[in-house]
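One letter stands for each residue in the lines below.
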2 protein chains.
Amino acid sequence: MDEIALEIAKQCLAGQIKIVSRVVTGIYDRELKSCGLKITQASILVHLLAYGSRSGSALGRSLQMDKSTVSRNIDRMTKNGWVHKTDADNVEITEVGRELIVSARPQWEKAQKTVCSIFGSEGVEAVTLLTDRVKNRNKRK
Amino acid sequence: MDEIALEIAKQCLAGQIKIVSRVVTGIYDRELKSCGLKITQASILVHLLAYGSRSGSALGRSLQMDKSTVSRNIDRMTKNGWVHKTDADNVEITEVGRELIVSARPQWEKAQKTVCSIFGSEGVEAVTLLTDRVKNRNKRK
DNA sequence: GTCTCCATGTTGTATATGCAACATATAAGT
DNA sequence: ACTTATATGTTGCATATACAACATGGAGAC
């Protein structure tokens, strides 16, 4: 079984992706720490800024996040005053949230640059490819 | 800022990788659920089977996991009787753990196949590329 | 031998994450 | 109108994850 286990250890796509995710998340989180942000919440803020206020479930679909995960992330961010609920129950970024994410841009850029240099241009393309495939996984054949 | 935020939302490597990671982790976890396993612990078991008993920190290095994360995962797995500590304080898979991971192989294969069909051969190669780059990130230039 | 440094492991604290179960609400069909 | 189905949001529970702080233990330096 040792050799078979070795093959599985090397081939498991989830295992590999989780390793990559841990490393990359760490690079961004450590960089954003000085702003009091983590990459998950930064992503949500950027999303709200880019696409405007939306429902929690719409956010979940965009970010491929369970609705309960969205709900609790929004809770934390609401406590911080970064987002709030509109009349229509949409999640909306506040002025504080907007200023925070704008101020975090240099740190984001630095982390992005670090990861780019680790991945190389092929690696960056690889990420785009994977994201596309995942997002369109139900729209084929 | 809207357009800039849009660019950032689309380009952020951490955001993209975390999306992929969430989707892929979910596919494996749902498949392994019938065995009472999740992909993180399955990865640890496979690692122990492939490389033999090792220290927690060695496991952390292989899986790019913080030592505290390893420690608590091993705790849970010890309670389940899947691993134990040797005299030399190494983590070792038990017979129960071995049988469990062997029995989980069909579910793993199914999840792997599902993700392969989403990624396509280019996607699978992309994952390998990213893993290599991440693991060798300090060994260049 | 002693002291210092580094590797290792654990614990406190906090975020991130998902499933199941529940409550609501909205839409559609009859 | 009533019913049913679907979408949405929250909460209980459990795992996964990392940083900071701490304790320990071994390896050299002297």
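Small disclaimer: the values here were computed from a predicted structure and weren't measured.

The next thing to look at is the protein's contact with DNA strand D. Around DNA strand D sit 24 residues in total, of which Arg30(A), Arg72(A), Gln41(B), Ser68(B) and Asn73(B) are the nearest. Counted by atom, the contact set of DNA strand D within 4 Å of the protein is 57% sugar and phosphate. A distance of 3.0 Å separates a phosphate oxygen of DNA strand D from a polar side-chain atom of Arg61(A). Measuring from a phosphate oxygen of DNA strand D, one finds a side-chain N or O atom of Ser71(A) at 2.9 Å. Taken together, the elements giving at least two residues each to the surface near DNA strand D come down to helix H2 (13-32), helix H4 (56-63) and helix H5 (67-79) of chain A together with helix H3 (39-51) and helix H5 (67-79) of chain B. Counting residues per element, the surface near DNA strand D draws most heavily on H5(B), at five residues. Broken down by class, the residue content of the surface near DNA strand D amounts to one nonpolar, 11 polar and 12 charged.

The subject of this paragraph is the protein's contact with DNA strand C. Looking at DNA strand C, there are 25 residues lining it, with Gln41(A), Ser68(A), Asn73(A), Arg30(B) and Arg72(B) nearest. In this structure, Arg22(B) approaches DNA strand C through a side-chain N or O atom, which is 3.2 Å from a phosphate oxygen. In the environment of DNA strand C, a phosphate oxygen lies 2.6 Å from a nitrogen or oxygen atom belonging to the side chain of Arg30(B). Ranked by the residues each element gives to the surface near DNA strand C, the list is headed by H5(A), at five residues.

Turning next to the pattern of salt bridges. Per the stated rule, a full pass over the model turns up eight salt bridges over all chains. Between Arg98(A) and Glu95(A) there is a salt bridge, and its shortest N-O distance comes to 3.7 Å. Pair noted here: Arg98(A) and Glu95(A) are both in helix H6 (residues 95-103), with a separation of three residues, about one helical turn. Across the pair Lys110(B) and Glu31(B) runs a salt bridge, and its minimum N-O distance is 3.9 Å. Note that Lys110(B) is positioned in helix H7 (residues 105-135) and Glu31(B) in helix H2 (residues 13-32), a separation of 79 residues in sequence. On the basis of relative accessibility, which here comes to 22%, the residue Glu31(B) falls in the partly exposed class.

Glancing now at the domain arrangement of chain A. Residue and element names in this part refer to chain A. Each assigned domain of chain A is listed here: domain 1 (1-37 + 105-135) and domain 2 (39-103). For domain 1 versus domain 2, the separation of C-alpha centres amounts to 23 Å. Each partner contributes to the interface: domain 1 provides 11 residues, whereas domain 2 provides 10 residues. Of the roughly 770 Å² buried where domain 1 meets domain 2, counting both sides, 64% is carbon and sulfur surface. Looking at the side of domain 1 facing domain 2, the largest losses of area belong to Leu-37, Arg-105 and Lys-135, adding up to 54% of the total buried there. Where domain 1 meets domain 2, there are zero salt bridges. For the pair domain 1 and domain 2, the number of links is five residue pairs in polar contact (both at pLDDT 80 or more). Of all the secondary structure elements, the ones that give two or more residues to the side of domain 1 that touches domain 2 are H2 and helix H7 (105-135). Residues belonging to the side of domain 1 that touches domain 2 are distributed by class as follows: five nonpolar, three polar and three charged.

Definitions and cut-offs
- Residues numbered from 1 in each chain as written.
- Chains lettered and ligands numbered in written order.
- Predicted model: local features only at pLDDT ≥ 70, side-chain atom pairs only at ≥ 80, totals over all residues.
- Heavy atoms only, no water.
- Near = heavy atom within 4 Å.
- Polar contact = N/O pair within 3.5 Å; in protein donor to acceptor, adjacent residues only side chain to side chain.
- Helix = DSSP H or I, 4+ residues; strand = E, 2+ residues; numbered from the N terminus.
- Nonpolar A, V, L, I, M, F, W, Y, C, P; charged D, E, K, R; others polar.
- Salt bridge = Lys/Arg side-chain N within 4 Å of Asp/Glu carboxyl O.
- Buried < 20%, exposed > 50% of the residue type's maximum accessible area, 1.4 Å probe, protein only.
- Domains from an automatic or database assignment.
- Contact = heavy atoms within 4.5 Å.
- Buried area = accessible area lost by both parts, 1.4 Å probe.

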